[in-house]
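Architecture and fold: a report
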Amino acid sequence: MPLEDGDLVRRRGQQPNGEVSGTPHPRGTGDPLPQGTPAPDDSKTEAMAEGWEPEPALGDGDVTPRGVPQRAGQREEALMAELSELVQKVVKSSSWWERHGVDISILACSLLLLPAGFLCLRSAQAIPFLVGVLTLGVVHHTLTVKGSHLASHNALTESKSWGKVWAIFFIELCSAFTVEQATYNHVKMHHGYTNVIGLGDSSTWKLPFLNRYVYMFIAPLAVPFITPLVALGLLRNVERKAALRTLCCMFLGLYCHYWLLLHVSGFQSSWSALLCMLLTRSLLAHPYIHVNIFQHIGLPMFAADQKPKRIQLMSLGVLNLPRNALLDWSFGHSLISCHVEHHLFPSLSDNMCLKIKPIVSQYLKQKKLPYNEDTYAARLRLFLQRYEELMVHAPPITELVGIQ
């Protein structure tokens, strides 16, 4: 039977269309991994990341939310299968250029702009120098955000071997992070358990000891420092061989940037070169932090034993922002205007997410499932107004009722 408009979701302050209103009430800490909760099954979550499998199991299998008939879960699986079939038809009819070529070209253009950026910094005049800073800043974020994100999902190539090479290049060499932990935290946890409390609920982005203005406008400047420090702390969780490889790649990437500033851009001191590194690497750090919290936090959250099926989980817990030329280029469509599509089909490239967007949005709306969209400015106002509720207190758990 079709879902009724008002019966899809009931939450303190949650509307049927997925938009947030009212005041959520704290539910305790909820952020740490629950005691005895197993990590996601690697084989199933990797299959989900590479293809379009249903959501990964938790423990022995999916648990249907309390009060929801078993046939409702079967209907959700049927909806996901039907949407997957529609999307697969589009993918199969698309050329290699549409599937991978467009995004590879953007990354290649960014690499080709690097010499121009470093040479502009040689100028003693303000305008060419600022052009160099802007060029290197945009290139850095294109490689580290768009490149790393696509590489973590193996969306740049259909070859697993080349996918591993690109992941090491973009994640470790360019971004100064470790592939294994980036893949585990993002692909297996965040995508496997989107908005599930203690697993994929984006709580790692919360710093409750900071006030709203420091977090939203000052703290992002520390991203270039924090990223390699966090990576170093996570190396104890990977094999020695992988840790050594990561250390070498991180050092090589950072040192090459520093060396080029001294010997190509002509900086006279180490401090001036390091300051320029900080400036370019934090140029788009503010939207980077904002985008990561805007698109999940403040939307419905679920307990591990009460999460809905995959299509409903992603339609409820993910939000799209409007298209933006700068952010589309630097971060990619899958992180900006096609985030819902990306969470439903994570192995697709940015360009393919954009291509299937009309199909996904029309299908979800037709089936009376939420398709969350909001503007950057509106989300920024929301987080500034309700920072304590959204970023300090633990989120309430969504209750699913009335699904027939």
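As the structure is a computational prediction, the values presented were derived from the model and not from experiment.

Points about the overall build of the protein
Helix and strand content of the protein: 17 helices and 2 strands. Looking at the protein as a whole, 52% of its 404 residues qualify as buried. If you take every contact in the protein between residues at least 6 apart in sequence, the share linking residues at least 24 apart comes to 74%.

Thoughts on the UniProt feature "transmembrane region" (unreviewed entry) in the protein
On the UniProt side, "transmembrane region" (unreviewed entry) is annotated at positions that read residues 213-235 and 242-260 here. As a span, residues 242-260 carries 100% helix and 0% strand, and end to end its C-alpha atoms are 27 Å apart.

A look at the packing of helix 9 (residues 240-263) against helix 10 (residues 270-281)
Packed helices, taken two at a time, are described by the angle their axes make and the gap between the axes. For the pair helix 9 and helix 10, interaxial distance at closest approach is 9 Å and the crossing angle is 120°. By the angle class used here, helix 9 and helix 10 are oblique. For helix 9 against helix 10, the interelement crossing comes out right-handed. For the pair helix 9 and helix 10, the contacting residues are Gly253, Leu254, His257, Tyr258, Leu261 and Leu262 in the first and Ser270, Ala273, Leu274, Cys276, Met277, Thr280 and Arg281 in the second. Among the residues making up the contact of helix 9 with helix 10, the classes are represented as 8 nonpolar, 4 polar and 1 charged.

Notes on the packing of aromatic side chains
If you walk through the whole model with that rule in mind, you get 12 aromatic pairs. Taking the centre distance of 6.2 Å and the plane angle of 80° together, the rings of Trp166 and Phe169 count as edge-to-face. Of the two residues, Trp166 and Phe169 both sit in helix 5 (residues 160-174), 3 residues apart, roughly one turn of that helix. Phe169 gets classed as partly exposed once you look at its relative accessible area, which sits at 24%.

What to know about unusual backbone geometry
For Ser202, which is not a glycine, the phi torsion comes out positive at approximately 65°. With respect to the secondary-structure elements, Ser202 resides in the loop between helix 6 (179-191) and helix 7 (212-218). Despite not being glycine, Lys368 has its phi angle at roughly 60°, a positive value. By secondary structure assignment, the location of Lys368 is in the loop between helix 15 (350-366) and strand 2 (372-373).

Here we look at helix 12 (residues 310-317)
Counting buried positions over the 8 residues of helix 12 gives 8, a clear majority of the element. Turning to helix 12, its buried residues number three or more, namely Arg310, Ile311, Gln312, Leu313, Met314, Ser315, Leu316 and Gly317.

Thoughts on a nonpolar patch on the surface
Side chains of Phe225, Ile226, Leu229, Val230, Leu232 and Leu247 sit close together on the surface and give an oily, nonpolar patch of about 560 Å² of accessible area. Examining the composition of the nonpolar patch, we find that 5 residues originate from one element, helix 8 (residues 223-234), more than from any other. When you line up the elements, Val230 lands in helix 8. Its relative accessible area of 39% is what places Val230 among the partly exposed residues.

About the criteria used
Residues numbered from 1 in each chain as written. Predicted model: local features only at pLDDT ≥ 70, side-chain atom pairs only at ≥ 80, totals over all residues. Heavy atoms only, no water. Helix = DSSP H or I, 4+ residues; strand = E, 2+ residues; numbered from the N terminus. Buried < 20%, exposed > 50% of the residue type's maximum accessible area, 1.4 Å probe, protein only. Contact = heavy atoms within 4.5 Å. UniProt positions renumbered as here; feature names shortened; annotations may be inferred. Axes fitted to C-alpha atoms, helices over the stretch in contact; angles between N-to-C directions. Parallel < 35°, antiparallel > 145°, perpendicular 65-115°, else oblique. Left-handed = near helix turned anticlockwise from the far one by under 90°. Nonpolar A, V, L, I, M, F, W, Y, C, P; charged D, E, K, R; others polar. Phe/Tyr/Trp six-rings, centres within 6.5 Å; stacked < 30°, edge-to-face > 60°. Patch = residues over 30% accessible without salt bridge, like charges linked within 9 Å, V, L, I, M, F, W, Y side chains within 5 Å. Areas by Shrake-Rupley, 256 points an atom, 1.4 Å probe, with all protein chains shown as cover. Salt bridge = Lys/Arg side-chain N within 4 Å of Asp/Glu carboxyl O.

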